[in-house]
Amino acid sequence: MRPGDRQRPLRIAFPFNHLQIGGAELRALRLAERLPKDRFACEFISLSGHGEVDERIRDVGARVRYVGSRPLAGAPLPIRAVGRLLKVLRYMALARRTRYDIVNAWLYPSDVVEVAARFV
């Protein structure tokens, strides 16, 4: 890159099953907080709707996206399976549309969903 050329920030996705207070979620939040905003654009993706750390994520300048909601407690297996399939399909559509430069998937099932999105 020549001096004066402007490059867009790298888009980093942090997919999680949910955005609750936990070790991996907080570690990703700390990473997003410390990355230079002019070089990196961070997005946290929740497969299960709103969580406890949503506002903290926004406070550090990262975006939060939701591709699903919490499973219905006590729902029959076919209903839960359809819900999971819809989450995967929504995530795949988001990943294709957004074309993240880096995906940092740490935990199950978000890591499996990310792999499926890359190969389907």
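In the block above lies the structure referred to throughout.
Right, let's walk through the structure included here.

Rules and cut-offs
Residues numbered from 1 in each chain as written. Predicted model: local features only at pLDDT ≥ 70, side-chain atom pairs only at ≥ 80, totals over all residues. Heavy atoms only, no water. Helix = DSSP H or I, 4+ residues; strand = E, 2+ residues; numbered from the N terminus. Buried < 20%, exposed > 50% of the residue type's maximum accessible area, 1.4 Å probe, protein only. Contact = heavy atoms within 4.5 Å. Areas by Shrake-Rupley, 256 points an atom, 1.4 Å probe, with all protein chains shown as cover. Lys, Arg positive; Asp, Glu negative; His and termini not counted. Charge placed at Lys NZ, Arg CZ, Asp CG, Glu CD. Salt bridge = Lys/Arg side-chain N within 4 Å of Asp/Glu carboxyl O. Pairing = 2+ DSSP bridges. Right-handed = clockwise from strand over helix to strand, strands pointing away.

## So, the overall build of the protein
Next up, step 1: Helix and strand counts for the protein stand at 4 helices and 4 strands.
Next up, step 2: Secondary structure elements in the protein, listed N-terminal to C-terminal, are β-α-β-α-β-α-β-α.
Next up, step 3: The dimensions of the protein, computed from C-alpha atoms along their principal axes, are 60 × 30 × 15 Å.
Next up, step 4: Looking at the 120 residues of the protein, the share that counts as buried comes to 38%.
Next up, step 5: Taking contacts inside the protein between residues at least 6 apart in sequence as the whole, the part at least 24 apart equals 62%.
Next up, step 6: When the accessible area of the protein is evaluated, it comes to approximately 7,700 Å², of which 57% is carbon and sulfur surface.
Next up, step 7: Positive and negative side-chain charges of the protein, numbering 22 and 12 respectively, have mean locations separated by a distance of 5 Å.

## Let's talk about the pattern of salt bridges
Next up, step 1: Tallied over the full model, the rule gives 4 salt bridges.
Next up, step 2: The closest approach of N and O atoms between Arg 8 and Asp 101, which form a salt bridge, is 2.7 Å. Here Arg 8 is found in the segment before β1 (10-16), whereas its partner Asp 101 is found in the loop between α3 (77-98) and β4 (102-103), with 93 residues between them in sequence.
Next up, step 3: Asp 101 sits in the partly exposed class, given a relative accessible area of 34%.
Next up, step 4: Across the pair Arg 58 and Glu 55 runs a salt bridge, and its minimum N-O distance is 3.0 Å. A residue pair is termed a helical-turn pair when its members lie 3 or 4 positions apart in one helix, as Arg 58 and Glu 55 do in helix α2 (residues 54-59) at 3 residues.
Next up, step 5: Taking the relative accessible area as the measure of exposure, Arg 58 reaches 35% and is therefore partly exposed.

## Some points on the pairing of β1
Next up, step 1: The buried fraction of β1 is high, at 5 of 7 residues.
Next up, step 2: Note that β1 and strand β2 (residues 40-46) share 7 bridges and pair parallel. Bridged to Leu 10 within β2 is Phe 40.
Next up, step 3: In the classification by handedness, the crossover that spans β1, the intervening helix α1 (residues 23-34) and the parallel β2 is right-handed.
Next up, step 4: Both β1 and β4 contribute to a ladder of 2 bridges, which runs parallel. Bridged to Ile 12 within β4 is Ile 102.

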